[in-house]
Amino acid sequence: QVDAADAAGLEKEVIVVDDGSTDGTRELLETLDGLKTRFRVLLHARNMGKGAALRTGLSYATGDIILIQDADLEYDPGEYPELLAPILAGRADVVYGSRLRGGKPVREFSLVYLWGNRFVTFVANLLYGGVLTDMESCYKLFRADVIKNIQIRSNRFEFEPEITAKVLKRRHKLVELPISYYGRNRAEGKKLSWWDGISTLWTLVKYRFVN
């Protein structure tokens, strides 16, 4: 996965955050970090969640644009140039990759997850005046000064609604582009549950009224 992200053909730094994994990933990453060449590897002593991992990564990031990549490669790093283009052209502060805008291959999108995502995205648009189709997409790109000036409080998957709420609330220029998606099913390790949907809705409502 790290090699796929690194092979995207761009000048970049790759920051890998291991969030307390127990499947042998940590040992592999320690080997990569020992090379001291292309990667910076950061290790959490225990699992704290996606939001916490992103806070750690952001504190070390030095680039002008920040791109989030999950480690399971449900998303294609070959699409980085397309996603970067609106920011590089000065037309966007933030870019979301959407699995639901059409024109790209999509695999393993369960019906429950699809309609749950559509619903929470609708609520986000209703509360914050957005026109998004896929709030829960992993591929989110930010001008570094935008995301580093947003305090991320969420530790787990509530990061997605929190960052969306704060970006829309601050009226940053947000562009959404179609992306490919090669999803995993639950047997392959998909972790989202109904509770994440409830937490997402609560987070959207909460940040409508607090910063």
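Visitor: Explain the overall build of the protein chain to me, and be specific about the residues and the numbers.
Guide: Counting secondary structure elements, the protein chain contains eight helices and eight strands. The proportion of buried residues among the 211 residues of the protein chain is 45%. Carbon and sulfur atoms provide 56% of the accessible area of the protein chain, an area that totals close to 11300 Å².

Visitor: Describe the side chain of Glu 79, with residues and values.
Guide: Tracing the chain through its elements places Glu 79 in the loop between β3 (65-67) and α4 (80-88). In this structure Glu 79 comes out as buried when scored by relative accessible area, which is 5%. Not counting chain neighbours up to four residues away, the residues in contact with Glu 79 comprise Lys 104, Ile 179 and Ser 180.

Visitor: Account for the nonpolar core, with residues named and values stated.
Guide: The biggest cluster of nonpolar side chains holds 42 residues, and the ones touching the most others in it are Tyr 139, Phe 142, Ile 147 and Ile 163. When contributions to this core are tallied by element, the ones reaching two or more residues are α3 (50-60), α4, β4 (94-98), α5 (111-128), β6 (140-143), α6 (144-147), α7 (159-169) and α8 (194-209). Discounting residues that sit within four places of it in the chain, Ile 147 has contacts with Leu 58, Ile 66, Phe 142, Ile 152 and Ile 163. Residues Val 14, Val 16, Leu 29 and Phe 39 belong to the second largest nonpolar core, which totals five residues.

Visitor: Outline the sheet that holds β3, listing residues and values.
Guide: What the four strands build is an open sheet, ordered β3-β6-β4-β7; its pairing is mixed. Only two strands of the sheet have a single partner each, and these edge strands are β3 and β7 (174-178). With direction set aside, neighbouring strand axes in the sheet form an average angle of 15°. Two strands pair when backbone bridges link them, and β4 and β7 are joined in this way by five bridges, in the parallel orientation. Along β7, the bridge assignment pairs Gly 97 with Leu 177. Contacting β3, β4, β6 and β7, α4 runs over the sheet at an angle of about 30° to β6.

Visitor: Requested: an account of the pairing of β4, with residues and values cited.
Guide: In regular strands, side chains alternate between the two faces of the sheet. For β4, the tally of buried residues reaches five of five residues, placing the bulk of the element in the interior. On β4, burial covers both faces: Val 94, Tyr 96 and Ser 98 on one face and Val 95 and Gly 97 on the other are all buried. In terms of strand pairing, β4 meets β6 through three bridges, oriented antiparallel. Within β6, the position partnered with Val 95 by the bridge is Leu 141.

Definitions and cut-offs
Residues numbered from 1 in each chain as written. Predicted model: local features only at pLDDT ≥ 70, side-chain atom pairs only at ≥ 80, totals over all residues. Heavy atoms only, no water. Helix = DSSP H or I, 4+ residues; strand = E, 2+ residues; numbered from the N terminus. Buried < 20%, exposed > 50% of the residue type's maximum accessible area, 1.4 Å probe, protein only. Areas by Shrake-Rupley, 256 points an atom, 1.4 Å probe, with all protein chains shown as cover. Contact = heavy atoms within 4.5 Å. Core = buried A, V, L, I, M, F, W, Y, C linked by side-chain atoms within 4.5 Å. Pairing = 2+ DSSP bridges. Axes fitted to C-alpha atoms, helices over the stretch in contact; angles between N-to-C directions.

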